[in-house]
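So you can see what is in the structure, the chains are spelled out below.
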Amino acid sequence: MTDYTHEAGCTLCELPVEGSDVTDDEGNRFCCVGCRDVYDALGDVEDVAPEDVRRQREDDGTREVPAHHESTYLEVDGMHCATCEAFIESAALRTEGVSNADSSYVTDTVRIDHDPDAVSQAELEEAISGLGYSAYDREDSFMRRKADNWMMGRIIVGVLMGMMVMMQYLLIIYPTYFGGLFYDQRTYEFLSQALASELATPFYLMIAALTTIVLGVTGKPILQGAYVATKTRSPNMDLLVTIAAVSAYLYSTLSIAVGGDHIYYDVTVAIIVIVSVGNYYESTIKEKATERLSDLTAVQIDEARRVGPDGSHEEVAVDDLEPDDRLLVRAGERIPVDGEVVEGEVAVDEAVVTGESLPVGKTAGDQVVGGSLVTDGAVTVRVGEDATSSLDRVTELVWDLQSSSHGIQKLADKLATIFVPLVLVLSVVVTTIYLLTGAGVAEALLIGLTVLIVSCPCALGLATPLAVAAGVRDALEQSIVVFDDTVFERIRDADTVVFDKTGTLTTGEMTVVETDLDEELLEKAARLERRSAHPIGRAIAAERPVADGGTLEAESPPDSARADDEPEDALATRGAADDGIESFESHRNGVSGLVGGDEIVVGHPDLLRDRGVTVPDDVARRIEAGRETGRVPVAVGRNGVAEGVIVVGDDLREGWSETLSAIAETDTEVVVLTGDDARAARRFREEPSVDRVFAGVPPEGKAETVDRLKKTGRTVMIGDGTNDAPALAAADLGIALGGGTAMAADAADVALVDDDLGSVDTVFELARATDRRVKGNIGWAFCYNGIAIPLAVTGLLNPLFAALAMGASSLLVVTNSSRSLLED
């Protein structure tokens, strides 16, 4: 549970603006220049909800959440359509102590704002589970596995009981419709007489009992969905399936009661089992797809190293930290919570939170953000006032967006809103006409029920899940993982595609881009940087070959920079006994030392000046030229004079320009959105296929930017880092690169496992192909209805034809779905 409150802040993203003097001409205050630029460009967009925005709440969405209320995020199994969202929200709001509720079947998430003193999380879980769903904490993996096991158990029960029912039909009932075709005349006559006698009643009751198990156990999720649809007055596919299955069940039971011999229990079993198996197949395909991303790395921090008054260290849970506690963080570790540096000089990689690709130097008095990585040195941090982490706030923002990302009404459900009332009216009209024309009550009712029985073939229930499963399957073959089955209906064409820069358009890894040093000086600089754990130092160290022909690899920082009993300077000398360095010193902004008799200084120009190294004008110009490209110029001095520059930066991904050009050629707006400063994004402003560039935007600002772009049309966000996660969750479609963080993947709808930007086009192609396949499958299903319903209305339909026609239509759908989507 989380409880984050703050006063009015940045006009765009609402982050605190203390210490920021960024304003616009209208006096609006912003936390950074990036947010101001976004507001200037998009702030006047009319706030009109898109077509698929959530239905209006009874109070028009103006509920105020008291400041002392907490937000609880629950995962809900069994929520699979827009009607479920409305049902769960209304039930949650009826619970005492709840001020607001948002749910999303897309992410199986519900967010409930409540008074913790009035209602606990356990009581909320019980309230929602009491509706027939299964609600539990989002991080409870045991409950998730339990839900999966229950789902499999229901399918097994349905298949076994269904096989027993269908065997009776295949061996005993169906042959009576074919005369002596399957059996000799004597056997046929015996079966016909037996089924028409009183001896058939126990036989039919046995079939009824087995069917009841199938309907009640395997069909429970479908029946629950129908109940929710009825309760919310929103007909959906579950209601249509239920009408057909329950009508067949009631028809058959009534037939037994009046001594009839036409029973449709096979229709009930077929509809429930086939639709359930189809849905289960779809879910297992998606589960297999997500296993491809098991190597993603999470960056959540659970423990911290607290420094006691006597200087001792103790490992404590982050939740136990108090304001003003002091924490020791070493190289290779993440800062647990936001705070202030009180001792030490370090380089900090804040990319996971801010998106800034270059490490930032921090010293006493500087603010640091929770979740950022210390890349060089060790530092003592005083815990901030709220004892919270910027990374945790990003996580909460992602969950908040996910719970409010309401699913659209699926195509099959849209058809159901028309088809269900139509079938019900037709059934009543047919029954009435037969009564008025002199038919008996029993005959008229049975014909009316027959219309309901044939209203939903199995093919209609299979149309969407099998097409979606085909889409997920084909995507996986292209190294694309689809997490959300509504992707193929939510987005087929995009109006705007937004690219993150660091790690998406660029590799996100520091490398030497260019240098003007001679070979000897470059090698000496690389030898010094080998003792540094700074990313820039590691890039320089990896540039030069050693004498034996290998590569001079920089040492990667370990999980903990040194053991508790290891000296502070151990990192600088570890593993470097034979590198020709006579002395070495590490600084906040570089390194220096004596190498081969030369005094070498490598680092920021300010470091060279502080150490008395002269920087000639031509070298100063080269330094400034490097900065203008958005990269990092590293000055190198020898014996008191700066002789050259090493320019370090993250390279652009191969094929990035072609990808952007291909998207732009489809009349799609291309936007680059980054947390880096404007200089780092300058190269994209000069790219003809890029329409807009927003730089220096924090995670919360990215989400708000995407939200504003959505008001102008369908928006796709492509990113890889934790700082991109809120924007990925806010977009109509989020695409994460598979080499990114776990939070980015969790927030996205699609992941590109092989990090290939060229796969973006394939995602849209598969979405359009899946949409065509769904519509084709539904077309085959309605062909069945076009034949079966008129026969039912005229009273010419018999159970055998119903079974054969249903099987044929289902077979066509299965066959159609088995083909590759890319063949269409």
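Each value, and the rule that gives it
- Residues numbered from 1 in each chain as written.
- Predicted model: local features only at pLDDT ≥ 70, side-chain atom pairs only at ≥ 80, totals over all residues.
- Heavy atoms only, no water.
- Helix = DSSP H or I, 4+ residues; strand = E, 2+ residues; numbered from the N terminus.
- Buried < 20%, exposed > 50% of the residue type's maximum accessible area, 1.4 Å probe, protein only.
- Contact = heavy atoms within 4.5 Å.
- Areas by Shrake-Rupley, 256 points an atom, 1.4 Å probe, with all protein chains shown as cover.
- Axes fitted to C-alpha atoms, helices over the stretch in contact; angles between N-to-C directions.
- Parallel < 35°, antiparallel > 145°, perpendicular 65-115°, else oblique.
- Pairing = 2+ DSSP bridges.
- Salt bridge = Lys/Arg side-chain N within 4 Å of Asp/Glu carboxyl O.
- Phe/Tyr/Trp six-rings, centres within 6.5 Å; stacked < 30°, edge-to-face > 60°.
- Expected span 1.5 Å × (residues − 1).
- Patch = residues over 30% accessible without salt bridge, like charges linked within 9 Å, V, L, I, M, F, W, Y side chains within 5 Å.
- Polar contact = N/O pair within 3.5 Å; in protein donor to acceptor, adjacent residues only side chain to side chain.
- Lys, Arg positive; Asp, Glu negative; His and termini not counted.
- Charge placed at Lys NZ, Arg CZ, Asp CG, Glu CD.

(A) A look at the overall build of the chain. When you go through the chain residue by residue, the secondary structure sums to 28 helices and 28 strands. By residue count, 53% of the 824 residues in the chain fall in the buried class. In the chain, of all internal contacts separated by at least 6 residues, the share reaching a separation of at least 24 is 68%. Per element, the accessible surface of the chain, about 35600 Å² overall, is 52% carbon and sulfur.

(B) Main features of the packing of helix 1 (residues 33–42) against helix 24 (residues 699–710). At their nearest, the axes of helix 1 and helix 24 sit 10 Å apart, and the two run at 10° to each other. If you check the angle between helix 1 and helix 24, you find them roughly parallel. The residues of helix 24 that touch helix 1, namely those facing Cys 35, Val 38, Tyr 39 and Leu 42, are Gly 701, Thr 705, Arg 708 and Leu 709.

(C) Local environment of the pairing of strand 20 (residues 590–595). Within strand 20, 5 of the 6 residues are buried, which leaves it mostly tucked inside the rest of the structure. When strand 19 (residues 581–587) meets strand 20, the two strands line up antiparallel, connected through 6 bridges. Paired with Glu 585 across the bridge in strand 20 is Ser 592. Linking strand 19 back to strand 20 in an antiparallel pair, the connection comprises 2 residues. Turn length for the strand 20-strand 21 (residues 598–603) hairpin, with the two strands adjacent in sequence and antiparallel, is 2 residues, and the turn residue Gly 596 shows positive phi of about 60°.

(D) Expanded view of the pattern of salt bridges. Taken as a whole and judged by the stated rule, the model has 27 salt bridges. Its salt-bridge partner being Arg 36, residue Asp 37 comes within 3.9 Å of it at the nearest N-O pair. Using a relative accessible area of 29% as the deciding quantity, one classes Asp 37 as partly exposed. Under the relative-accessibility criterion, Arg 36 is labelled partly exposed at 24%. The network of salt bridges with shared partners includes Asp 102, Arg 111 and Asp 113.

(E) Geometry of unusual backbone geometry. Residue Asn 639 is not a glycine yet carries a positive backbone phi of 55°. Even without glycine at this site, Asp 667 takes up a positive phi of about 65°. Mapped onto the fold, Asp 667 is located in the loop between helix 22 (656–664) and strand 24 (669–673).

(F) Structural context of the sheet that holds strand 4 (residues 98–104). Read across the open sheet, the 4 strands follow the order 4-5-3-6; overall the sheet is antiparallel. Whereas interior strands pair on both sides, the edge strands pair on one side only; in this sheet they are strand 4 and strand 6 (134–137). Pairwise comparison of adjacent strand axes, ignoring direction, gives a mean angle of 30° for this sheet. Sheet analysis places strand 3 (residues 70–77) next to strand 6, joined by 4 bridges and oriented antiparallel. Bridging from a neighbouring strand, Val 76 pairs with Ala 135 of strand 6.

(G) Up close: the packing of aromatic side chains. Taken as a whole and judged by the stated rule, the model has 7 aromatic pairs. Ring centres of Tyr 249 and Tyr 265 lie 5.8 Å apart, and the angle between their planes is 65°; this geometry places the pair in the edge-to-face category. Taken as a pair, Tyr 249 in helix 8 (residues 237–257) and Tyr 265 in helix 9 (residues 265–290) lie far apart in primary sequence, 16 residues in all. Overall, Tyr 265 belongs to the buried group, its relative accessible area being 1%. Ring centres of Tyr 251 and Tyr 264 lie 4.7 Å apart, and the angle between their planes is 90°; on these two criteria the pair is classed as edge-to-face.

(H) Local environment of the sheet that holds strand 8 (residues 313–317). The antiparallel open sheet is built from 6 strands, whose spatial order is 8-7-9-15-10-13. Each having just a single partner strand, strand 8 and strand 13 (367–368) make up the two edges of the open sheet. Across 4 bridges, the pairing between strand 10 (residues 339–343) and strand 15 (residues 378–383) is antiparallel. Paired with Glu 340 across the bridge in strand 15 is Arg 382.

(I) Representation of helix 24 in the model. With 12 residues, helix 24 should cover 16 Å at 1.5 Å per step; its first-to-last C-alpha distance of 17 Å lies within 8% of that length. Most of helix 24 is tucked away, with 10 of its 12 residues classed as buried.

(J) Summary view of a nonpolar patch on the surface. Residues Met 152, Ile 156, Val 159, Leu 160, Met 163 and Val 277 make up a contiguous nonpolar surface patch of about 500 Å² in total accessible area. The biggest single contributor to the nonpolar patch is helix 4 (residues 141–173), with 5 residues. Topologically, Met 152 is positioned in helix 4. Classification of Met 152 by relative accessible area gives partly exposed; the value is 40%.

(K) Quick peek at the pairing of strand 8. Summarising the sheet, strand 7 (residues 303–307) and strand 8 pair through 5 bridges and their orientation is antiparallel. Across the sheet, the residue bridging to Arg 305 is Glu 315, located in strand 8. Remark: 5 residues form the turn of the hairpin made by strand 7 and strand 8, two consecutive strands paired antiparallel; Gly 311 in that turn has positive phi of roughly 90°.

(L) A look at the environment of Glu 765. By the secondary structure assignment, Glu 765 is in helix 27 (residues 759–794). Given a relative accessible area of 40%, Glu 765 falls into the partly exposed group. The spacing of Glu 765 and Asp 493 is 272 residues in sequence and 9.0 Å in space, taken between C-alpha atoms.

(M) Inspection of the environment of Asp 667 at higher detail. When its relative accessible area of 74% is taken as the criterion, Asp 667 is described as exposed. For Asp 667 and Ala 494, which are 173 residues apart along the polypeptide, the C-alpha to C-alpha distance reads 9.4 Å.

(N) Molecular detail of the side chain of Ser 99. Relative to the assigned elements, Ser 99 resides in strand 4. Looking at Ser 99, its side chain comes within polar contact range of the side chain of His 69, at 2.9 Å.

(O) Highlighting a negative patch on the surface. A cluster of acidic side chains, namely Asp 302, Glu 303, Asp 319, Asp 320 and Glu 322, defines a negative patch on the protein surface. Tracing the backbone shows Glu 303 in strand 7. Residue Glu 303 is classed as exposed on the basis of its relative accessible area, which comes to 53%.

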